[in-house]
Structures are given as structure tokens and as C-alpha cells.
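Descriptive analysis of the structure
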Amino acid sequence: MKASTWFAVLALAFAARPLHAQEPKPDERPAEPAATNPRKEQAPVVSIGVVGARRYTREQVVEAFGQKIGEPYDLLRAERGIQNLFAAFRVRVDDVLVREVAGGLELELRIVELLVDLEPRFVGNVEVDKETLLKWAQLPERGELYLFQAERVRQRLIEAYKQDGYYHVEIDVVKRGQEAGSTDVPDVIFEIREGPQVHVRDVVVRGNTSLPDRGWWFWRDGLKKLSNVELDGPGLFDWYGSKFDREKLEADLLAMRETYRDLGYLDAIVELEPFEFSADRSRVTLHVVVDEGRPWRVASLAIRAFHREVDLKDRARFVDTPVELVYPEAELLALCKLQPGKRYERVKEKHDQGELRKRYGKDGYLAHPSLGAEGWQFLEPELAYDFEKHAVAVTYRIAQGEQRFIREVLFEGGLHTRDRVLRREVDVMPGEKADIEELSRSLNRIYSTNYFSDEFAPLDHKDPTYRFVPVPGQPNWVDTYFTVEEGRVVNLQLQGGVDSNNGLFGRILLEMRNFDAAALPSSVWRMPGEVYEKEAFHGAGQRMVVELSPGTLVNSYQIRFVEPDLFGTHFDRTQLDVSLSRRLRRYRFYDEERNDRRIRLGREIGRNWTVWTGFSHQGIDVSDIQASLGDGGDFGQPEEYPLADTLFAQEGHSNLVGVLFDVNHRSVDRTLNPTQGFLASWKSGVYGGPFGGDWDMVRSNLDFDWFWPFGPEEEEVRPGLHFSLGLGIADDFGGTEDVPYTERFFLGGGHNLRGFAYRGVGPNKGGEPLGGESMLSTSLEYRIPLHSVAQPGTYRRVEVFHMKFFGDAGILDPAPWRLDPDELRASIGFGFGMSYPIPISLDFGFPIESGEGDRHETFSFSVVNITF
């Protein structure tokens, strides 16, 4: 007979026997229901009574119980109803009495409402307010507390207090109204003795001979720096020292032990000595003692291969069968940094793991979470210790998996984007080996389109990923899925910003990054909604920009259209770029208005090179030259006003017409804020001559940028170097005697030669720059991340704050094809920046080499793209 049947018999036998409700003990769960005789289960329920209800009405209890009048009694429903009553009302069902009556069954629910304090009280909390305490206690906003939860809440409060630095906190719980027969309203009081908030005065480590702590700030080195400890004494950004938290301290001790293990000190002991509190107990000095022991050496290194499969007897386990290596062992060992006779360091082991994964991945042996145990895996190494020689024999164990080939390349998530827009970014073709590096490069190109990202809310948007799906019955074949999420590609924004070069400005921008000129809306009235839903003007990978930007110093307007694949070839594409723009700039001593109309055709050569050619027609107006600053010489201005002659020669309206020739190279890890790779750009124009216009001249400039990250490769936010080099030449020919003033090169400001004012670098005439027909500019910048956050749904981290140190240098020469070293200018400095959510750059530059008439500007700043 089933247990439920026995319970049913007992229930009928004692149906008339009253049951006494008892108060629950802490963490007590609701009792199981008394069951009725299964043979009577089909009888209908004619009534349901409730005994013991005080706060809740009979109707509320019966509704939560779930049994309907007139329907057969359902045991499973009754069990669920008891659980529902506890979950919804904290009501414990002590018994369910079932009586046979005329026409069916009569139920009687005997319940106990758990005692609840509708507003628990906190006393003694001086530094922490009630709202924070309720949050720490995980109580609802109304604050009600069941008495049996009080001890758990006390523990939560103590843990939260200690995490906030209140190491000495004590909390007592006083309960009233829980005595048997008491008619008092339940009352819970948390008596809190906070004590002082404790800050770390210092962390003193003794015995760390091989890893001494030395240096300061970013130049710190030693055990604490390598262990990335969280607790430390006062510093530049934390004047009081870290809040003392015992859990963080234990984590720091563990991190120090792991640092020694990583560096080969397998016997190292890191222990904590008694705390040293100040007299008022508000500060603590932590003493850590280290016994390093001897470092272990590598006795030998070998690599073995295995075939891994699930154990059919226990699917949580695996069976590893030895197999032959795909590659010669000597070839694989040559990739490894861990070497016999050298110190055994786990950091080198991690490096070796990455190199072996790359070697196999290039030939289709894939290590990817989507393949699980079927993919390539670096298994736990086998270590054999020789305690006498203090040496360890290391055997790398590899589950090689199957060599994979791609059957299909598929895309998911691009609901409104044409397949060809994604496919043209992927170089891995069906039938080829699944090269993991090439797949990663293809993924980076998809990300770099910015069609599937949201720079305004990167933390809330999932970046593109890829996964593999094995083909059933074909172990060597996989389908590759690239998963994307449509990003913010239609931007209608009202923005504003300010920087030291361009002053205060506003910006009204309509930008469509994944534009489709052929995807027309169904009607004019439906256009706004269809554009917002990406159903119109979306999905072909084109770019459309309409921009209006008024400002105190610069007013600009622009319309631009870019077609990245004019002939639909996917690879080695031909691009079309058409733009109309107008820009009015107010300089210190004159105004310049430029209307530019240009069209360009670009041809991709491989993935990294693009060659452009095009035509440009620019109308330039120079006006409002300040006579108080000017000298025209032969142009009729008084001799006592020294200003560049070329500026007066250009006064009024003139046209600059010519052909363009540009070459771009891009091989960086990301479009925005690159950290690794190389950029190169050569922009040239030949104006005048057979093309008409008022000036015959050639202008050409080369720009190079190198990026090098430092630190472990597995870290996405790392320090790095950025080196830039710029070269420029402008020269006249034909009937033009001098290069127009507006087409010369200038240096100084927030983007080059920081420490000098915008266009504040000479040679000068009367305190104003002459401009250069030859230019050299270079900069070396070291960037240090200060804070980053994880992006939800991924392990990718996004930089928020950074610091930088830089050195800038440059030369302007008024003559073409010449760089006079006497005109060298240089500066050094540092700066701070925010990358998200508001791009901010604050730089402090200090000239170390300047010339007569140069204008200095120590502080330069940029606060841009503030969306209102």
C-alpha cells in the first residue's frame, strides 16, 4: 500500500480529533497535507472551512489553497495549495480534515498564521540609515518581518556591516509577542552597536624576500601588486585606506599564496598575525608573515594526447584514452615557455596552454565552449614531485578532439540586416578547415562595423559571438553560427560638448549606420515607426549622416552617404563616398568659411588596405581679418601690424578644386579606442592646374599609429602604448607663389603638441603662427586603465576610467620639403579620461622646448557627445 493511502486512512480515523497549532521553529517548513482515502478522491467538495485565520479572510485562504467547490477533491492540488499558502501568506497548514457529508466531502483547513512584525525596529544605528538596513536585510519596502526570519536577518545585517568596514559590530534581537496565548502585536527590535568604521592603516608583509614590495602608485612592484590585493593603506584615490573587511582579507591571503604557486614556490606559506588596532579601534594595521621556501624546478616536460568521451556508466565523468599526437612532440614543445631545468611557473603553463590552443585551432581542432567535451581541451597537467631534488616532472595532457571542417556559415539575430552585409565580413568559407583565428578575426570585423553595438549603452548590449553546432553523423563537420544583436544604428540625437580647441558647441545628428536607400517605407505616415523598428531604410550596410553643429567658435553642417559595396562583390569591394559640408570657424584674428563638395571611390585590397580616388570642390571665404593684428606689407596694411602675408592674399572668396588620392591601412583590434594593431593613412590632393580653381598646389600628409598592449593576454582591459607619427607637405606650382594660409599645417592644442594652445606653435610673426608647408608631429602615450566594469551577459570588460602619460614633439617649417631642427617644439604631461558613459579627456601638458611667440596652454580638455 502506498504511503499516501496510509496517510488517508489515518486522516479518516482521526477526522474528529482536534489538532493544536504550534508556533514554527526557525526555518521550519509547512507540514505535509493529511490525505483522504483515495477511493473517496472522486467525490466532490461541497464546502471548505478554515480554522485559525486571523489576518486573512476565509475567501483569501481558500483561493490560495486552490480547491474549487463542486470539483472532485484533488490530492496533488491540495499539496500544491499548502505550498502556495506558505509562499503567499506565510500560513502553515497543520491539518486538512475531510468529512463525508451528504452530496460529497467537507474540508476543514486548520492553519497557523506565522507571527509577523509589520514594521521591525532598528535602534542604535547611527551611521547607517534605515533604508540601507532594510536593503541589507533583504526585506521588502514595507519592511514586514516574520519572527522565524529574525535570526537570518540578523546574520545578514552583521555580514553587511562588516563588509562596509564595521568590524566590531554587534547586533541583538529582541522579540515580543511570541509567548503562548499572548495577545500582544508581534514586535522585533534589532539592537545595534555599530562601533567605529575601521580603515586599513597599512598592510605589512614580512618574509617576501623574492617579491619585496617597493615603489609607489603605478610604479609599485612586489607581492601585493602581483596579487592585486584589495585591502591597502591610504593612497592617492583613497586617503583613509581601504574599509576593513575580513572576507576581502582572506581573499587577499589566498591571492598571495596563489602568486607564489604561480611563480614556482609550491611550499610557500602565507599567514596572518594578530590585528593591530588603534586606540579608538578605527584603524588597523595588518601583519602578514611569509615563509617562501625553495622554488621548484622543471625536471622534464612532455606532452601526451588523449581521446575524451563521456563515461556511459556515469555521465558526469569522462574516460580519457591515450592516442597519438597530431603533431610531432618536438614541434609542440618548441612553442612552450616551460623548460626543463628552469623554474616551474604556472604563468608559463598558462602561456603554453594558449600557444598549443592556437596551433591546434589553426588546423581545425577547435577549443570552444559550444563544443564542450567534444572540442580541444587542455586537461589538468600531470605533475610528479621529487621532494629531494625539489623538482617536478610536468606532462601536458591534451584532448585533441576531431579536426573540424565548416559545412555552413550561418547568421542569427540580424533580423533586419541583409545576409550579405554580414557574410562579406567573414573570410572562412564552407568546406574549409575551421581556423579559429580567422573566425575570431571575422568576428572582430563584424563588431567593427558598429552595426551590432551600442556605444551609448555598451553595458546593456550583447556583442557579436559565434558558436559551433556539430553535424549529426559527421563528426568532422560543424555549422558555424555568428550571433548578433541589432544595435543602435539609427541615432537621432541632440548633443552638446566643449573642448579647449573648438569651444562650446551643440550637435543635432541623424545617423543611420546600417542604412538601405532602397528599403522605402510603406507610406509617409508610417515612416517614423518603420524606421524606428528597422523595417525601412535599414539593413544594407550603407551609412547616411545628416549633421547640424552650431557653436561658439565652430559652426558646421554635413550630409554624407557611404555605400561600402557598390557592385555587390563581397570581397575586394568598391566603395562610394559622397559628402556635402559647410564649416565656419572663428579664429583669433580672422574667420574662415569652407563649403566642400566631394565624391570618392574606394577599392579594398585584401582586408586591411583601401585605395581611394575622387574629386573635391571647395569654396573658401576668409573675412574679418583683425587690423589690430595685421600686417599686409604689399597688401596695403600698416607696417606695424605684423601678420602672415599669405592670409591677406587669401582675403575674400576663392576656390580650391582638384583630385584626391588616399590610401588607408587598418589592422587594429577594434574601431573605437583600439589597443592593439597598426593604422596608416596617406591623404593627397592636387589642386588647380587643369582642374581650375584659384590656387595651384599639392598637399599631402602621412599618419601612422601603433598600439601595443601590456599584461596578460586573457585580460581585455590592459595598459598599453600608443605611438603616432605624422608627416605633411604642401607646395605650390604654376601661377601660385605661396601655399594659401588656410591650407598650411598647424600644431598645438588637445590633439597634438599638448601644452601649447590651439594653433599656438610657431614660427610666428607678431605672435601669430605663419603655418608650415612642411610638418612633423609625433607622440608617445602610455595609457593605464583605472577602472573597468563587466558587460552583462558576457565576460567582456569595458574600460570606464584611465590615466595617461605622454610626450609630444613636432616641427613646422614655412618652406616645403624642409624640416629645420631649430623649430623643434616638445612637451610632456599626463591626463585623465573617462570612456563610458560620457567621453571626457583632461590633459595637463608642459612645454620643454618652445620658441618665440608660442602660446602655452597647460590644461586642455574635451567633453563631447553629451546626449540630452
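Our subject in this report is the structure included herewith.

Rules used throughout
- Residues numbered from 1 in each chain as written.
- Predicted model: local features only at pLDDT ≥ 70, side-chain atom pairs only at ≥ 80, totals over all residues.
- Heavy atoms only, no water.
- Helix = DSSP H or I, 4+ residues; strand = E, 2+ residues; numbered from the N terminus.
- Areas by Shrake-Rupley, 256 points an atom, 1.4 Å probe, with all protein chains shown as cover.
- Patch = residues over 30% accessible without salt bridge, like charges linked within 9 Å, V, L, I, M, F, W, Y side chains within 5 Å.
- Salt bridge = Lys/Arg side-chain N within 4 Å of Asp/Glu carboxyl O.
- Buried < 20%, exposed > 50% of the residue type's maximum accessible area, 1.4 Å probe, protein only.
- Pairing = 2+ DSSP bridges.
- Axes fitted to C-alpha atoms, helices over the stretch in contact; angles between N-to-C directions.
- Contact = heavy atoms within 4.5 Å.
- Core = buried A, V, L, I, M, F, W, Y, C linked by side-chain atoms within 4.5 Å.
- Arc of directions from axis to C-beta.

When its secondary structure is counted, the protein shows 13 helices and 39 strands. Within the structure as shown, the protein displays about 44000 Å² of accessible surface, and the carbon and sulfur contribution to it stands at 54%.

With that settled, consider a nonpolar patch on the surface. Nonpolar side chains collect at one region of the surface, where Val 578, Ile 599, Phe 615, Val 686, Phe 691, Val 698 and Phe 733 lie side by side and expose about 490 Å² of accessible area between them. With respect to the helices and strands, the residue Phe 733 is situated in the loop between β30 (720–732) and β31 (755–756). Residue Phe 733 is classed as partly exposed on the basis of its relative accessible area, which comes to 31%.

Bringing the sheet that holds strand β16 (residues 391–399) into the picture now. The strand order across the open sheet formed by 4 strands is β14-β13-β16-β15, and the pairing between neighbours is mixed. Edge positions in the open sheet fall to β14 (318–323) and β15 (377–386), since each of these has one partner strand only. Averaged over neighbouring strand pairs, the angle between their axes works out to 35° when direction is ignored. Relative to β16, β15 runs antiparallel, the two sharing 8 bridges. Residue pairing for β16: Gln 377 is matched across the bridge by Ala 399. The sheet contacts of helix α9 (residues 346–362) involve β13 (297–310), β15 and β16, and relative to β16 the element is tilted by about 30°.

Turning next to the nonpolar core. As a rule of thumb, soluble globular proteins bury nonpolar side chains together. In this structure, Phe 65, Tyr 73, Leu 85, Val 96, Leu 107 and Leu 109 are the most contacted members of the largest nonpolar core, which totals 26 residues. Elements with a minimum of two residues in this core: β1 (45–51), α2 (58–65), α3 (75–89), β2 (91–101) and β3 (104–113). Ranked by residue count, the leading element in this core is α3, at 6 residues. Judged by nonpolar contacts, the second largest core, of 25 residues, contains Tyr 587, Phe 589, Phe 756 and Val 761.

The next thing to look at is the pattern of salt bridges. Inspection of the entire model under this criterion finds 58 salt bridges. Between Glu 781 and Arg 754 there is a salt bridge, and its shortest N-O distance comes to 2.9 Å. With Glu 781 in strand β34 (residues 774–790) and Arg 754 in the loop between β30 and β31, the pair connects residues that are 27 residues apart, well separated along the chain. The burial state of Glu 781 is the same as that of Arg 754; both residues are buried.

This part covers helix α4 (residues 130–137). Of the positions making up α4, those classed as buried are Leu 133, Leu 134, Trp 136 and Ala 137. An end-on view of α4 places all buried positions within 160° of arc, on one side of the element. For α4, exposure combined with an orientation more than 90 degrees from the buried face picks out Glu 131 and Lys 135. One or two steps after α4, the chain reaches Gln 138, where phi turns positive at roughly 60°.

Attention now goes to the sheet that holds β3. If you trace the 3 strands from one edge of the open sheet to the other, you get β1-β3-β2, paired in mixed fashion. At either end of the open sheet lies a strand with only one pairing partner, and these are β1 and β2. Averaged over all pairs of adjacent strands, the angle between strand axes in this sheet comes to 20°, irrespective of strand direction. Both β1 and β3 contribute to a ladder of 6 bridges, which runs parallel. In the strand pairing of β3, Val 51 is matched with Arg 110. Contacts from α2 reach β1 and β3, with the element oriented near 120° to β1.

Take the environment of Phe 405 next. Locating Phe 405 in the fold gives a position in strand β17 (residues 405–412). Those residues within four positions of Phe 405 in sequence are excluded, and the remaining contacts are Gly 431, Glu 432, Lys 433, Ala 434, Asn 476, Trp 477 and Val 478.

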